[in-house]
Every structure is written in C-alpha cells, then in structure tokens.
Amino acid sequence: MVTYEFGEQRGRIWLAQNAEVMRQETDALWQTRQILPLDEIQWEQARSLYGSRQRGDLWQNFSRRWQGLPSQGVEQARRTLHLDERPTALLAANVIGDSLTLDARYSPRT
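Residues numbered from 1 in each chain as written. Predicted model: local features only at pLDDT ≥ 70, side-chain atom pairs only at ≥ 80, totals over all residues. Heavy atoms only, no water.

Description of the overall build of the chain
- Scanning the chain from terminus to terminus reveals three helices and two strands.
- Reading the secondary structure of the chain in the N-to-C direction produces β-β-α-α-α.
- Here the chain, with 110 residues, has 13% of them falling under the buried criterion.
- A total of about 9900 Å² of accessible surface is found on the chain, and carbon and sulfur atoms cover 56% of it. (Helix = DSSP H or I, 4+ residues; strand = E, 2+ residues; numbered from the N terminus. Buried < 20%, exposed > 50% of the residue type's maximum accessible area, 1.4 Å probe, protein only. Areas by Shrake-Rupley, 256 points an atom, 1.4 Å probe, with all protein chains shown as cover.)

Here it is in structure tokens:
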C-alpha cells in the first residue's frame, strides 16, 4: 500500500509505503541520523527557514505562507486584544496538518 499527500513545497508530494503518510513516521530516520551533528550549511538552512516563518515570508520552493504578517510578539498581541497578564492559549481549528492529529496519542521518547 502507498499513501500520498501534497505538501507545502511546489512540485513535491509525500509518499509512505505501508503507512499513513500524514502520520509522518520518522522513527527509522531519527535512529539513523540522531548522532550526526548538523553542519554549518544545515544550520543556516534551519535558521533561514525559521526566520522566514517569523517574518511571514515564503522560503525557497515552499508555496504556502504559514501566516500573512510578520510576528508581532506577545506584548503587541496582548495590547491589541486588550488581554491582561493571565496565561492565554490559542486553539487554531482546521489548520493544515489537522490530519496529523487523527488518532494521535502522546508517546514521550526515552
């Protein structure tokens, strides 16, 4: 059995063999790569991707913006929404990747 899903990168799809692709089972990959440190190029790619997400920009061949505006920070959000200092949680419903949570169970790694 092969399952597939269209991801956020142009011209690419996700494939899984004998598994549900949206579960993104990466245990075997982590077992292989967990002891290998990132090189400077990989670190720069991670920083660049993270920065683009903070700014609301597209990155490389990604076709989806995860947000429409740059991050404003918690204090600006509190002022805009007239919130006090109590803890606040955002529950975003029906977002991309919802199917990742289907039948999800918390399973801490040891």
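So, a nonpolar patch on the surface
- Judged by side-chain polarity, V2, Y4, F6, I13 and L15 come together as a nonpolar surface patch covering roughly 570 Å² of accessible area.
- Tallying contributions element by element places strand β1 (residues 2-6) first for the nonpolar patch, with three residues.
- Within the secondary structure, L15 is located in strand β2 (residues 13-17). (Patch = residues over 30% accessible without salt bridge, like charges linked within 9 Å, V, L, I, M, F, W, Y side chains within 5 Å. Salt bridge = Lys/Arg side-chain N within 4 Å of Asp/Glu carboxyl O.)

A closer look at the pairing of β1
- Pairing of β1 with β2, which is carried by five bridges, proceeds in the antiparallel orientation. Paired with Y4 across the two strands is L15, which belongs to β2.
- Between β1 and β2, which follow one another and run antiparallel, lie six residues, and G11 among them has a positive phi close to 75°. (Pairing = 2+ DSSP bridges.)

What to know about the pattern of salt bridges
- The full count for this structure, using the stated rule, is three salt bridges.
- Between R47 and E40 there is a salt bridge, and its shortest N-O distance comes to 2.5 Å.
- Since its relative accessible area comes to 42%, R47 is described here as partly exposed.
- For E40, a relative accessible area of 52% puts it in the exposed group.
- Measuring nitrogen to oxygen at the nearest pair gives 2.9 Å for the salt bridge that ties R86 to D84.
- For D84, a relative accessible area of 38% corresponds to the partly exposed category.
- When salt bridges that share partners are traced, they join E40, E44 and R47 into one network.

Brief notes about the side chain of T3
- Examined against the element boundaries, T3 turns out to sit in strand β1.
- Relative accessible area serves as the criterion here: at 19%, T3 is assigned to the buried category.
- Within polar-contact distance, the side chain of T3 engages the backbone oxygen of A19 at 2.7 Å.
- A distance of 2.9 Å separates the side chain of T3 from the backbone nitrogen of V21, its partner in a polar contact. (Polar contact = N/O pair within 3.5 Å; in protein donor to acceptor, adjacent residues only side chain to side chain.)

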